[in-house]
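# Chain and residue survey
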Amino acid sequence: DADGYDQVVYRGGIDQKQMSVWWLKRETLCAALLMNRPEEERVVAPRWILRRPRLDRKALQHARSLKSLDTTFGR
């Protein structure tokens, strides 16, 4: 539920035929849309929505690998 989001992060691009959109509310992920993105993104998106770690918008947008941002791994 993206209701009340205050930041949007885009990864990839429609011109690359792959993209994801990440909606943040107070630095926590509240919704995500992923199209043809790497498995890593499909794995962390639901985990981050459920476990609500704090995310830095710029780090999320520019990270080559989301593993470096995943503080919920192993929990």
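Presented here is a report on the structure given in the accompanying data block. (Residues numbered from 1 in each chain as written. Predicted model: local features only at pLDDT ≥ 70, side-chain atom pairs only at ≥ 80, totals over all residues. Heavy atoms only, no water.)

Right, let's talk about the side chain of S20 for a bit. Along the chain, the position of S20 falls in strand β2 (residues 18-25). A relative accessible area of 0% means that S20 is categorised as buried. Polar contacts involving the side chain of S20 include one to the side chain of W22, which spans 2.8 Å. Setting aside anything within four residues of it in sequence, one finds S20 in contact with V9, Y10, R11, L33, L34, R37 and E41. (Helix = DSSP H or I, 4+ residues; strand = E, 2+ residues; numbered from the N terminus. Buried < 20%, exposed > 50% of the residue type's maximum accessible area, 1.4 Å probe, protein only. Polar contact = N/O pair within 3.5 Å; in protein donor to acceptor, adjacent residues only side chain to side chain. Contact = heavy atoms within 4.5 Å.)

So, about the pairing of strand β1 (residues 7-13). Sheet topology places β1 next to β2; 7 bridges connect them, and they run antiparallel. In the strand pairing of β2, V9 is matched with W22. (Pairing = 2+ DSSP bridges.)

If the charged atoms of two oppositely charged side chains come close together, the side chains can form a pair. The full count for this structure, using the stated rule, is 5 salt bridges. A salt bridge links E39 to R42; the shortest N-O distance between them is 2.7 Å. Of this pair, E39 and R42 both sit in helix α1 (residues 39-51), 3 residues apart, which is roughly one turn of that helix. For E39, a relative accessible area of 48% gives the class partly exposed. Residue classification places R42 among the partly exposed positions, given a relative accessible area of 42%. (Salt bridge = Lys/Arg side-chain N within 4 Å of Asp/Glu carboxyl O.)

Its location among the elements puts K25 in strand β2. Each C-alpha atom, one on K25 and one on Q7, is 6.6 Å from the other, the two residues being 18 residues apart in sequence. Dropping the residues within four chain positions of it, K25 is found in contact with D3, G4, Y5, D6 and C30. Polar contacts involving the side chain of K25 include one to the main-chain carbonyl oxygen of D3, which spans 2.9 Å.

On to unusual backbone geometry. Positive phi, close to 60°, is recorded for K17, a residue that is not glycine. Mapped onto the fold, K17 is located in the loop between β1 and β2. In the Ramachandran plot, R26 falls in the positive-phi region, its phi being about 50° despite a non-glycine side chain. As for its position among the elements, R26 is in the loop between β2 and β3 (28-35). Residue class for R26 comes out exposed when judged on its relative accessible area of 62%.

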